[in-house]
Amino acid sequence: GTGPIDLRAGGNTVEISTDISVTRSCGRPNDVIRRQPQSDLPFYINKPKVISEQFDLEFEFVDDPVADLQAIGDNIFRQRLGRGGITLDFNGVFDLGEFTVIPVGSAPFRQVRRAGYEGMSRVATFTFRRIFSP
(Lines give C-alpha, C1' and ligand atoms only; values in the text may rest on other atoms or scores of the structure.)
Protein backbone atom coordinates (compact mmCIF):
# COMPACT_ATOMS: atom_id res chain seq x y z
CA GLY A 1 0.00 0.00 0.00
CA THR A 2 0.89 3.64 -0.19
CA GLY A 3 0.65 4.36 3.55
CA PRO A 4 0.94 5.93 6.05
CA ILE A 5 -1.77 4.73 8.40
CA ASP A 6 -4.10 7.60 9.36
CA LEU A 7 -6.29 8.16 12.41
CA ARG A 8 -9.05 10.70 11.76
CA ALA A 9 -11.62 12.19 14.12
CA GLY A 10 -13.54 15.46 14.05
CA GLY A 11 -11.77 16.71 10.93
CA ASN A 12 -8.30 16.11 12.43
CA THR A 13 -5.80 13.62 11.02
CA VAL A 14 -2.72 12.05 12.63
CA GLU A 15 -0.33 9.97 10.53
CA ILE A 16 1.39 6.88 11.94
CA SER A 17 4.34 5.76 9.87
CA THR A 18 7.18 4.45 12.08
CA ASP A 19 7.69 0.88 13.34
CA ILE A 20 4.05 -0.20 13.19
CA SER A 21 2.80 -3.54 14.47
CA VAL A 22 -0.84 -4.41 13.71
CA THR A 23 -2.74 -7.40 15.07
CA ARG A 24 -6.20 -8.06 13.67
CA SER A 25 -8.52 -10.42 15.52
CA CYS A 26 -12.01 -11.55 14.60
CA GLY A 27 -14.44 -13.75 16.43
CA ARG A 28 -17.41 -14.19 18.68
CA PRO A 29 -16.12 -13.16 22.12
CA ASN A 30 -19.33 -14.02 23.96
CA ASP A 31 -19.52 -17.69 22.90
CA VAL A 32 -18.59 -20.24 25.56
CA ILE A 33 -16.99 -23.67 25.48
CA ARG A 34 -17.79 -25.69 28.61
CA ARG A 35 -16.34 -29.02 29.59
CA GLN A 36 -18.64 -31.50 31.27
CA PRO A 37 -17.14 -34.00 33.73
CA GLN A 38 -19.30 -36.89 32.47
CA SER A 39 -18.54 -36.30 28.77
CA ASP A 40 -15.40 -36.62 26.67
CA LEU A 41 -16.38 -33.73 24.39
CA PRO A 42 -17.04 -30.15 25.49
CA PHE A 43 -20.26 -28.21 24.81
CA TYR A 44 -20.11 -25.13 22.60
CA ILE A 45 -22.74 -22.57 23.56
CA ASN A 46 -23.48 -20.17 20.72
CA LYS A 47 -24.78 -16.92 22.21
CA PRO A 48 -26.85 -14.56 20.05
CA LYS A 49 -24.42 -11.66 20.27
CA VAL A 50 -22.61 -9.73 17.59
CA ILE A 51 -19.23 -10.68 16.21
CA SER A 52 -16.15 -8.66 17.10
CA GLU A 53 -13.32 -7.39 14.94
CA GLN A 54 -10.42 -5.69 16.69
CA PHE A 55 -7.23 -3.96 15.61
CA ASP A 56 -4.28 -3.67 18.00
CA LEU A 57 -1.77 -1.02 16.91
CA GLU A 58 1.65 -0.58 18.46
CA PHE A 59 4.11 1.98 17.10
CA GLU A 60 6.86 4.51 17.89
CA PHE A 61 7.17 8.25 17.44
CA VAL A 62 10.76 9.17 16.60
CA ASP A 63 10.82 12.77 15.32
CA ASP A 64 9.58 15.16 18.04
CA PRO A 65 7.63 12.54 20.03
CA VAL A 66 6.17 15.03 22.54
CA ALA A 67 4.41 17.03 19.81
CA ASP A 68 3.21 13.83 18.11
CA LEU A 69 1.80 12.44 21.36
CA GLN A 70 0.05 15.75 22.09
CA ALA A 71 -1.41 15.78 18.58
CA ILE A 72 -2.80 12.27 18.83
CA GLY A 73 -4.15 12.92 22.34
CA ASP A 74 -5.75 16.29 21.55
CA ASN A 75 -6.87 15.68 17.98
CA ILE A 76 -8.10 12.09 18.23
CA PHE A 77 -8.80 10.89 21.76
CA ARG A 78 -10.21 14.11 23.23
CA GLN A 79 -12.77 14.53 20.46
CA ARG A 80 -16.41 13.88 21.19
CA LEU A 81 -17.04 10.94 18.93
CA GLY A 82 -20.81 10.76 19.18
CA ARG A 83 -22.05 8.00 16.88
CA GLY A 84 -19.33 8.51 14.31
CA GLY A 85 -16.26 6.96 15.88
CA ILE A 86 -12.65 7.25 14.70
CA THR A 87 -11.61 6.48 11.13
CA LEU A 88 -8.67 4.09 10.90
CA ASP A 89 -7.38 4.31 7.33
CA PHE A 90 -4.61 1.90 6.32
CA ASN A 91 -4.23 3.48 2.85
CA GLY A 92 -3.51 0.05 1.39
CA VAL A 93 -0.87 -0.93 3.98
CA PHE A 94 -1.30 -4.65 4.76
CA ASP A 95 -3.88 -4.69 1.90
CA LEU A 96 -6.41 -3.03 4.21
CA GLY A 97 -8.65 -0.04 3.62
CA GLU A 98 -10.67 2.24 5.86
CA PHE A 99 -12.56 1.21 9.01
CA THR A 100 -14.75 3.06 11.50
CA VAL A 101 -13.58 2.11 14.99
CA ILE A 102 -13.89 3.02 18.66
CA PRO A 103 -11.16 2.72 21.31
CA VAL A 104 -11.47 -0.16 23.75
CA GLY A 105 -10.91 0.23 27.47
CA SER A 106 -11.22 2.92 30.09
CA ALA A 107 -7.84 4.51 29.32
CA PRO A 108 -7.13 3.81 25.65
CA PHE A 109 -4.32 6.36 25.29
CA ARG A 110 -1.37 5.31 27.46
CA GLN A 111 2.23 6.28 26.86
CA VAL A 112 5.32 4.36 27.87
CA ARG A 113 8.50 6.16 28.88
CA ARG A 114 11.72 4.20 28.52
CA ALA A 115 15.03 5.20 30.05
CA GLY A 116 17.91 5.62 27.64
CA TYR A 117 15.77 6.32 24.55
CA GLU A 118 15.93 10.08 24.21
CA GLY A 119 13.91 11.50 21.31
CA MET A 120 11.80 8.34 20.97
CA SER A 121 8.48 7.37 22.52
CA ARG A 122 6.87 3.97 22.31
CA VAL A 123 3.09 4.09 22.37
CA ALA A 124 1.37 1.34 24.31
CA THR A 125 -0.96 -0.77 22.25
CA PHE A 126 -4.09 0.99 20.98
CA THR A 127 -6.99 -1.41 20.75
CA PHE A 128 -9.78 -0.40 18.41
CA ARG A 129 -13.04 -2.28 17.90
CA ARG A 130 -14.65 -1.95 14.50
CA ILE A 131 -18.11 -0.41 14.28
CA PHE A 132 -20.29 -2.33 11.87
CA SER A 133 -22.75 -0.19 9.93
CA PRO A 134 -25.92 -1.79 8.52
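A quick note: this is a predicted structure, and the numbers were derived from the prediction, not measured.

**Brief notes about the environment of Phe99**
With respect to the element layout, Phe99 can be found in strand 8 (residues 98-103). With relative accessibility at 9%, the residue Phe99 sits in the buried group. On a C-alpha basis, the gap between Phe99 and Asp89 in space is 6.3 Å, while along the polypeptide they are ten residues apart. Once you skip the residues sitting within four places of it in the chain, Phe99 turns out to touch Arg24, Glu53, Phe55, Ile86, Thr87, Leu88, Phe90 and Arg130.

**Topic: the environment of Asn91**
Inspection of the secondary structure puts Asn91 in the loop between strand 7 (86-89) and strand 8. The class of Asn91 is partly exposed, set by a relative accessible area of 24%. With 85 residues separating them in the primary sequence, Asn91 and Asp6 have C-alpha atoms 7.7 Å apart. Among the polar contacts made by the side chain of Asn91, one reaches the main-chain carbonyl oxygen of Pro4 at a distance of 2.6 Å.

**Quick word on the pattern of salt bridges**
Applying the stated rule across the entire model yields four salt bridges. Where Glu53 meets Arg24, a salt bridge forms, and the shortest distance between an N and an O atom there is 2.4 Å. Within this pair, whereas Glu53 is found in strand 6 (residues 52-61), its partner Arg24 is found in strand 3 (residues 21-27), the two being separated by 29 residues in sequence. For Glu53, the salt bridge identified is with Arg130, shortest N-O distance 2.9 Å. Of this pair, Glu53 sits in strand 6 while Arg130 is found in strand 10 (residues 121-130), placing the two residues 77 residues apart along the sequence. The exposure class assigned to Arg130 is partly exposed, which follows from its relative accessible area of 27%.

**Considerations on the pairing of strand 1 (residues 5-9)**
Two faces belong to every sheet, and in a regular strand the side chains alternate between them. Extensive coverage of strand 1 is indicated by the burial of four of its five residues. By the bridge criterion, five bridges tie strand 1 to strand 2 (residues 12-16) in an arrangement that is antiparallel. Counterpart to Ile5 in the pairing with strand 2 is Ile16. Taking the residues between adjacent antiparallel strands as the criterion, strand 1 and strand 2 are bridged by two residues, where Gly10 takes a positive phi near 60 degrees.

**Comments concerning the confidence of the model for the protein chain**
Averaged over every residue, the pLDDT of the protein chain is 77; residues scoring 70 or more account for 79%. Mean pLDDT across the secondary structure elements of the protein chain bottoms out at strand 9 (residues 111-112), with 60, and peaks at strand 7, with 89.

**Describing the packing of aromatic side chains**
The tally for this structure, following the rule as stated, stands at five aromatic pairs. Judged by centre distance (6.4 Å) and plane angle (70 degrees), the rings of Phe90 and Phe94 are edge-to-face. Residue classification places Phe90 among the buried residues on the basis of a relative accessible area of 0%. Ring pairs connect the aromatic residues Phe55, Phe90, Phe94 and Phe99, which therefore count as one cluster.

Quick notes on the rules
- Residues numbered from 1 in each chain as written.
- Predicted model: local features only at pLDDT ≥ 70, side-chain atom pairs only at ≥ 80, totals over all residues.
- Heavy atoms only, no water.
- Helix = DSSP H or I, 4+ residues; strand = E, 2+ residues; numbered from the N terminus.
- Buried < 20%, exposed > 50% of the residue type's maximum accessible area, 1.4 Å probe, protein only.
- Contact = heavy atoms within 4.5 Å.
- Polar contact = N/O pair within 3.5 Å; in protein donor to acceptor, adjacent residues only side chain to side chain.
- Salt bridge = Lys/Arg side-chain N within 4 Å of Asp/Glu carboxyl O.
- Pairing = 2+ DSSP bridges.
- pLDDT = per-residue confidence, 0-100.
- Phe/Tyr/Trp six-rings, centres within 6.5 Å; stacked < 30°, edge-to-face > 60°.

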